[in-house]
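Okay, here's what each chain looks like letter by letter:
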Amino acid sequence: ALKGENFDGHEYARASVKAGAILAVTERSVDGTTPCIIVKDVRKALLEIAHFVRKKYKPVLVGITGSVGKTTTKNMTALALSASKSVLKTEGNRNNAIGMPFTLFRLNSTCNAAVIEMGMSHKGEIETLSKTASPTICMITNIGDSHIENFESREGILNAKLEIIKGAANGAPIILNGDDEYLSRIIADHSDVYNIISYGVENKKCNYYADDIEIHGDRMKFNVYCYGEFLTEVSLFCWGRHNISNALAAITAAATARVDPVLAADML
């Protein structure tokens, strides 16, 4: 029974039970007859229930955050993983502390992979989402100026995005965009702290990088290299260098999740 500025879910609890809900999770008794589990904080309970469901199942879970490109990268990563896995992904942009739990509620024994988008506008939000979803693979696409009014600087945004590792196991891989000014510093200075896997279009020192880019009338083509060795060719039926980066991130995530990157590339 979530409450907002213009609504109170408690007002709909009785109707929900009449419509088939077993009970309502509320912060107070509704009418004395509607079955309720009463908690101090419904929003906190929502996250705790979602975490319980997450821990019940053991998918490879890729948590994705970044200032821009999260949704496209999420969709491409889900496609790449689907080469050999049954994938659950965040629908639309339900990437906050209310929307994300409803994605986790959809986990079941048939899902062996999940791609969860994590958004934020304030410090601490990514940490909450990460500790709820417990990602096995973390990814940060870039560090931009989104919501910078709530942070002191882009360094503040970087630190907030790095909260994504706080719900992951020690040593979990974190995939970073080596073309990004701020993330490249983390790659250079903190490889002894984090299990970093890098990708890039401009930065050929990354673990995975794109090269030999061709622009055709209906597609872009490029080759993916891993540690300097040719890995696979990719054809994208969309344009923009940013989409090469998004696709490369997806292939990197798939390879990290032990999906054949050649098959993963064919799904894009």
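You'll find the structure just up there.
Residues numbered from 1 in each chain as written. Predicted model: local features only at pLDDT ≥ 70, side-chain atom pairs only at ≥ 80, totals over all residues. Heavy atoms only, no water.

Draft legend 1. Focus on the sheet that holds strand β9 (residues 208–215). Reading across the sheet, the 9 strands line up as β4-β5-β3-β6-β7-β8-β9-β10-β11 and stay open at both edges, with mixed pairing between neighbours. Every interior strand has two partners, whereas the edge strands, β4 (87–89) and β11 (229–236), have only one. Taken pair by pair, the neighbouring strands of this sheet meet at an average axis angle of 20°, ignoring direction. (Pairing = 2+ DSSP bridges. Helix = DSSP H or I, 4+ residues; strand = E, 2+ residues; numbered from the N terminus. Axes fitted to C-alpha atoms, helices over the stretch in contact; angles between N-to-C directions.)

Draft legend 2. Looking closely at the packing of aromatic side chains. Within the structure shown, the criterion is met by 4 aromatic pairs. When the centroid spacing of 5.5 Å and the interplanar angle of 85° are considered together, the rings of Phe102 and Phe105 count as edge-to-face. Relative accessible area serves as the criterion here: at 34%, Phe102 is assigned to the partly exposed category. Take Phe105: its relative accessible area is 30%, and that puts it in the partly exposed class. Joined through ring pairs, the aromatic side chains of Tyr209, Tyr225 and Phe230 make up one cluster. Positioned above the aromatic ring of Tyr182 is the side chain of Arg185, whose terminal nitrogen or guanidinium carbon lies 4.7 Å from the ring centre. (Phe/Tyr/Trp six-rings, centres within 6.5 Å; stacked < 30°, edge-to-face > 60°. Buried < 20%, exposed > 50% of the residue type's maximum accessible area, 1.4 Å probe, protein only. Lys NZ or Arg CZ within 6 Å of the ring centre and 35° of its normal.)

Draft legend 3. Broad picture of helix α6 (residues 154–161). Within α6, the full set of buried residues consists of Ile157, Leu158, Ala160 and Lys161. Looking down the long axis of α6, one finds its buried residues gathered within 165° of arc, a one-sided arrangement. The secondary structure elements touched by the buried residues of α6 are β3 (60–65), α5 (125–133), β6 (137–140) and α7 (181–189). (Arc of directions from axis to C-beta. Contact = heavy atoms within 4.5 Å.)

Draft legend 4. Structural view of the nonpolar core. Within the largest apolar cluster, 36 residues are counted, with the highest numbers of intra-cluster contacts made by Leu81, Tyr208, Phe222 and Leu236. Here this core gets 9 residues from one element, more than from any other, and that element is helix α8 (residues 241–256). Beyond its immediate chain neighbours, meaning those up to four positions away, Leu81 contacts Val62, Val87, Ala113, Val115, Ala254, Ala257 and Val259. Counting 33 residues, the second-largest nonpolar core is a separate cluster that includes Ala114, Ile140, Leu158 and Leu162. (Core = buried A, V, L, I, M, F, W, Y, C linked by side-chain atoms within 4.5 Å.)

Draft legend 5. Up close: the pairing of strand β7 (residues 173–177). In terms of residue burial, β7 counts as a mostly covered element, since 5 of its 5 residues are buried. Alternating residues of β7 divide into Pro173, Ile175 and Asn177 and Ile174 and Leu176, and every residue in both groups is buried. The pairing of β6 with β7 spans 3 bridges and is parallel. For Ile140, the partnering residue across the bridge sits in β7 and is Leu176. Where the polypeptide runs from β6 across α6 and back to β7, its parallel neighbour, the crossover connection is right-handed. When β7 meets strand β8 (residues 195–200), the two strands line up parallel, connected through 5 bridges. If you follow Pro173 over to β8, its bridge partner there is Asn195. This β-α-β element, β7 to α7 to β8, shows right-handed connectivity. (Right-handed = clockwise from strand over helix to strand, strands pointing away.)

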